[in-house]
Amino acid sequence: MGMNNSFLAGYLAEKEVRKCSKISLKERSTVYLLNFVPPMDCVAYQVDGNIIKGADKDKCDKLVVATTCTDEKVCVFVELKGSDVAHAVKQLDATLSYPLFSQNRAKWTKARIVANKIPANTGRSVVERAKVDFRRKYNCELICLKSGQPDFFRQRFDLEGG
């Protein structure tokens, strides 16, 4: 069962395809940890400067593409931040609407803001609004995590008859 990432064929992967139970991505001092239950084939790409080039364009940092054991695709768009979650929302929004991604939607699309500091009031309200927006526009689940806080993608067999 291969990864159906043909839409990303021309791009260099940061972490090659392999079956993994977890993957960690880091930029400066911010770390994103994603756990797969059960382990899945996954690959990570640098989006900023690799898939989307140009300093004038908003884009997220990373993309993890995983394939479930029923051969369905999961795309997790990740923005690693110090504390500017409002800017992170803008970057993820721009990435999700980028033609390459809008024309190749995965069965599951997820967006993650990973920050060292999450501002209590302003950050929360921006993210709460964006959660609704992302769900409506992209059928995408947006979550804000603290650096190093584990995230999980669980394939639920009971829902899929598998």
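Not measured: the values here are computed from a predicted model.

S.K.: How would you sum up the pattern of salt bridges? Please name residues and give values.
M.R.: Evaluated as defined, the whole model comprises 14 salt bridges. A salt bridge links R28 to E27; its shortest N-O distance comes to 3.8 Å. Classification of R28 by relative accessible area gives exposed; the value is 70%. With a shortest N-O distance of 2.4 Å, D133 and R136 are connected by a salt bridge. One end of the pair, D133, and the other, R136, are both in helix α3 (residues 122-138), three residues apart, so they sit about a helical turn from each other. You can call R136 exposed: its relative accessible area is 61%.

S.K.: Which residues make up the side chain of Q155, and what are the values?
M.R.: Structurally, the position occupied by Q155 is in the loop between β7 (150-154) and α4 (157-160). Looking at Q155, the relative accessible area reads 5%, which means it is buried. In terms of polar contacts, Q155 uses its side chain to reach the backbone amide nitrogen of C69, at 3.3 Å. A distance of 2.9 Å separates the side chain of Q155 from the side chain of T70, its partner in a polar contact.

Cut-offs applied
- Residues numbered from 1 in each chain as written.
- Predicted model: local features only at pLDDT ≥ 70, side-chain atom pairs only at ≥ 80, totals over all residues.
- Heavy atoms only, no water.
- Salt bridge = Lys/Arg side-chain N within 4 Å of Asp/Glu carboxyl O.
- Buried < 20%, exposed > 50% of the residue type's maximum accessible area, 1.4 Å probe, protein only.
- Helix = DSSP H or I, 4+ residues; strand = E, 2+ residues; numbered from the N terminus.
- Polar contact = N/O pair within 3.5 Å; in protein donor to acceptor, adjacent residues only side chain to side chain.

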